[in-house]
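Here is what each chain is made of, one letter per residue.
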Amino acid sequence: MARTDDTRRDRERPDARLDSPKGMRTRVLPTRRRGRGDAFGRATEGIARAMGTPWFLVGLTLFCVVWMGYNTLAPRAWQFDSAAIGFTALTLVLSLQASYAAPLILLAQNRQDDRDRVQFEQDRQRAERNLADTEYLAREVVALRLAMRDMASKDFIRAEIRSLLEELDRRDAEDAGFADEPGTTARG
């Protein structure tokens with residue numbers, strides 16, 4: 001029973017036609033949304049980009065100065081990180097920040113490398129197309145130059161017109177000479 005249901009569904013779907021090209025059939029494939037899978041990558045790039053700014057360094061410096069100042073100047077009961085043991089908690093916080101910063105920066109660099117690779121490939125394809133276009137245009141220019149050599153120049157046309165006018169003048173003079181003789185017509 002399941003087999004007949006499948007074949008009936010195939011016949012009812014417009015993409016199941018055998019007379020249409022395979023590429024023209026519509027396929028329903030699960031599409032991956034760009035926003036979901038790429039959000040982590042964009043976030044890592046944003047963090048890496050922010051860590052590379054002077055404001056981040058100023059903020060981190062201020063954070064460390066405030067931390068050390070508070071734990072040095074505050075009453076002993078309020079201090080949570082002792083200067084006597086070398087600000088151990090601050091060292092741990094900065095180590096944790098560094099341990100997360102390095103992989104985030106590497107992820108951002110890998111994404112940038114991927115983008116650069118794609119851009120390089122597109123540039124290479126564009127350069128190939130430009131080269132092919134340039135070669136085509138060069139062949140066309142050569143063909144036009146060859147065709148221009150076969151075309152008549154202005155000087156050639158003027159010389160031909162002059163020779164035709166001289167020929168017409170000569171014929172007119174001959175015709176005028178025959179018209180003067182008795183018993184002849186203008187065009188003999």
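Just above, that's the structure.
Here is a short report on the structure shown in this document. (Residues numbered from 1 in each chain as written. Predicted model: local features only at pLDDT ≥ 70, side-chain atom pairs only at ≥ 80, totals over all residues. Heavy atoms only, no water.)

1. Some details on helix H4 (residues 88-150)
Here H4 contains 63 residues, and its C-alpha end-to-end distance of 91 Å stays within 8% of the 93 Å for a straight helix at 1.5 Å per residue. Every buried residue belonging to H4 is among Leu90, Ala101, Leu104, Ala108 and Arg111, and all of these are buried. (Helix = DSSP H or I, 4+ residues; strand = E, 2+ residues; numbered from the N terminus. Expected span 1.5 Å × (residues − 1). Buried < 20%, exposed > 50% of the residue type's maximum accessible area, 1.4 Å probe, protein only.)

2. As for the packing of aromatic side chains
For the structure shown, the criterion picks out three aromatic pairs. Pairing Phe63 with Trp67 gives two aromatic rings, centres 5.6 Å apart and planes at 55 degrees, and the pair type is tilted. You can see Phe63 and its partner Trp67 sitting in helix H3 (residues 54-73), four residues apart, about one turn around the helix. One aromatic cluster is present, formed by Phe63, Trp67, Tyr70 and Phe80 through successive ring pairs. (Phe/Tyr/Trp six-rings, centres within 6.5 Å; stacked < 30°, edge-to-face > 60°.)

3. A short note on the environment of Gln97
You can see Gln97 is positioned in helix H4. In this structure Gln97 comes out as partly exposed when scored by relative accessible area, which is 26%. With residues up to four places along the chain from it excluded, the contact list for Gln97 reads Met51 and Phe56. (Contact = heavy atoms within 4.5 Å.)

4. Some details on the side chain of Asn71
Tracing the sequence through the fold places Asn71 in helix H3. Discounting residues that sit within four places of it in the chain, Asn71 has contacts with Gln79, Phe80, Asp81 and Phe87.

5. What about the packing of H3 against H4?
Closest axis-to-axis distance for the H3/H4 pair is 11 Å, and the angle between their directions is 160 degrees. Classified by the angle their axes make, H3 and H4 are roughly antiparallel. Considering the relative orientation of H3 and H4, their crossing is right-handed. Residues Phe56, Leu60, Phe63, Cys64, Trp67 and Met68 of H3 lie in contact with H4, whose contacting residues are Ala89, Leu90, Val93, Leu94 and Gln97. (Axes fitted to C-alpha atoms, helices over the stretch in contact; angles between N-to-C directions. Parallel < 35°, antiparallel > 145°, perpendicular 65-115°, else oblique. Left-handed = near helix turned anticlockwise from the far one by under 90°.)

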